[in-house]
Amino acid sequence: MATGTGTGASSAGLARATPGGSVERGAEPPFEEKLRLFNEVTQDLRFPDYLYGCYECGICVAVCPSARFYDFSPRRIAQAVAREDVELVYEQMNRDVWECSQCFSCLRCPRQNNPGGIVTIMREVAVKNGLHSAKEALEGYSRIIYKIMSTGTQVSPDMIRPDAFPDWGPTAKETADNLEVWRRAMPPETMHTTSSSWEVDDKTLTELYLIWHLTGVLDMIKTLDESLHMILVDVMEEKLEEAGYPLGG
Amino acid sequence: MPIPINIPVKGPAAAPSRKGEFRRSPDDAPEDLRAMALELEAKGEWIVQRVPEPYVEVQTKYGKAKKIPLQHTWHHKSCGQCGHIPGYSTSIFWLHRKLGLEYNDPRDQTSCTAWNYYASATSNSAAQAAVAMRNFAAAYETGYFPQIHCATSYGHYKEVRSELIHHKELRDQVRDVLKKMGKPLVIPEEIVHYSEWVYAVRHEIAKRQVLDLRNITATVHPACHYYKLVSEDAIYDPDVYGGQRTAIVTGVARRSAPRWRTTRPGSTAAASASATSWSSGTSPAPSPSSGRSR
């Protein structure tokens, strides 16, 4: 049975629920709201495959790179959901989950738990419900979301900016200055592009846009960042309508 | 102080007596997802795209044979490689041409989008599975078999395959999405990473060796999502990199030459992933382990 007596009770003041369902910074939401979020995590179809129990052996913590740098513990994540500690899970959803690097080193758990996978689900629930902590964690990330959702690729050559990546060394400036020439010099014609990782056909992009529409991803973006949602809808609607895909419903 | 390891590991480091050596045991093998995929095909749930011949059979961690197609492959490119280290993908294509093996470099391919998903969670299991299966259907339509360049895509697609096999409701949802774009639900018989292909053709590559790289000490970045996600379905060979990973590796060569010297042009395709050399001097040098792990 889910409880509200865990150590997470100290998280007062993190966020509050709004009539629209999103959770804003401010007062603590009622327990019922935290329980709803908890249930959303545990009802994900992947959840039963991610949690089997915990020896408390700490192997996941020992191998976790995030645990070396943050006050983060994959063991605490697994134990909080296993104990159905609604308060602690809510606190973790507002802070700890954004400290995980999602490397999945914790998969070497002898009980076959997947704390990293549980974190994935918790993050997803945080984004979907518009938790303020999710908005805060993803501040400055809109450009990446726009790139991947609109171009179908995440990393583009025109991101090479020596001021942004000084660790790339002195050749980064020369590369950035002559980017188009460099790209055209490469044998694979699919990589003769500077604004996406490779050239993606229009038809392919439209099919990707249809996936974002039909699986509720655009709704998630709306909850996270309304301006980004408007821009993406603007980019996608015309292509989807041209291709004859119905957008209603 | 450099770590005294050579690649591939030979001699005492790989001796059978070393502590903690992994030994294959079929009893420890997890469920056979390939067999389960074929069972679902028999029930009419989806199509399993067969590995084309010729292929090489290799062993995975617990001893299951995995078919690695040599040619007629559909190259599922990588965002990070194509965007910022294009010598990577270019080299993979170059190797195919050098070996006279046919391939397809498609534009009908999107990113798996998993890199963003793991970073921001602005997606969900249905969307991730639909993106994967759209790419697989696109490959199937060409008749070419997917060869995946990206470590994250490779690990993520193996997870997606497992989710689709175990959850009928997810299969039904993704099938409906693909139906709207006129595509069938297709899963490849094997999910193959380019490094597994390199492993399969390594002796052919060795025959064409031009430079002797044995005295080069290297640092490596074994990509997390390559060998941690569904690790039982990747090639395991104790003679390659101490059994830690089968792939040729992302990394930078370390030698005593001056800092930031650019590698001599035309010095092998594999070396093109590391166009710059690091010194072993005492002055501060950028961290060689700056590769991202997502």
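Refer to the structure printed above.
Below, the structure is looked at part by part. (Residues numbered from 1 in each chain as written. Chains lettered and ligands numbered in written order. Predicted model: local features only at pLDDT ≥ 70, side-chain atom pairs only at ≥ 80, totals over all residues. Heavy atoms only, no water.)

Here we look at the overall build of chain A
Under the convention used in this document: Numbered from the N terminus, helices here are DSSP runs of H or I no shorter than four residues, and strands are runs of E no shorter than two. In this scheme, a residue with accessible area under 20% of its type's maximum is buried, one over 50% is exposed, and one in between is partly exposed, where area comes from a 1.4 Å probe on protein chains only. In this description, accessible areas are obtained by the Shrake-Rupley approach with a 1.4 Å probe, and a residue is regarded as covered only by the protein chains that are shown.
The number of helices and strands found in chain A is 14 helices and two strands. Buried residues in chain A amount to 53% of all 249 residues. Summed over all atoms, the accessible surface of chain A reaches about 11600 Å², with 51% contributed by carbon and sulfur.

As for the packing of helix H6 (residues 86–94) of chain A against helix H7 (residues 115–128) of chain A
Residue and element names in this part refer to chain A. For the record, the criterion: Axis angles are defined between N-to-C directions and span 0 to 180 degrees, where every axis is a line fitted to C-alpha atoms and, for a helix, only to the segment in contact. For classification purposes, an angle smaller than 35 degrees is called roughly parallel, one larger than 145 roughly antiparallel, one from 65 to 115 roughly perpendicular, and anything else oblique. The criterion used for residue contact is that any of the two residues' heavy atoms lie within 4.5 Å. As a working rule, the residues Ala, Val, Leu, Ile, Met, Phe, Trp, Tyr, Cys and Pro are called nonpolar, Asp, Glu, Lys and Arg charged, and the rest polar, with Gly in that last group.
Here H6 crosses H7 at 75 degrees, and the two axes come no closer than 9 Å. It follows from the interaxial angle that H6 and H7 lie roughly perpendicular. Of the residues in H7, those touching H6 at Val-89, Gln-92 and Met-93 are Met-122, Val-125 and Ala-126. When its residues are assigned to classes, the contact of H6 with H7 shows five nonpolar, one polar and no charged.

A short note on the environment of Glu-45 of chain B
Residues and elements named next belong to chain B. The cut-off we apply is this: The term polar contact refers here to a pair of N or O atoms within 3.5 Å; inside protein, the definition further demands a hydrogen-donor-capable atom paired with an acceptor-capable atom, and it admits residues adjacent in sequence only when both atoms are side-chain atoms.
With respect to the element layout, Glu-45 can be found in the loop between helix H1 (33–42) and strand E1 (47–49). Looking at Glu-45, the relative accessible area reads 14%, which means it is buried. Separated by 141 residues in sequence, Glu-45 and Val-186 have C-alpha atoms that sit 9.3 Å apart. Every residue in contact with Glu-45, bar those within four places of it in the chain, is listed here: Leu-40, Lys-168, Arg-171, Asp-172, Arg-175 and Leu-185. Among the polar contacts listed, one links the side chain of Glu-45 to the side chain of Arg-171, at a separation of 2.9 Å.

Here's the deal with unusual backbone geometry
All names here are of chain B. Along the chain, Glu-53 connects to Pro-54 via a cis peptide bond; the corresponding omega equals 0 degrees. Following the sequence through the fold, Pro-54 ends up in the loop between E1 and strand E2 (55–59). With phi around 65 degrees, Ala-121 is a residue other than glycine that occupies positive phi space. Looking at the secondary structure, you find Ala-121 in the loop between helix H4 (114–120) and helix H5 (125–142).

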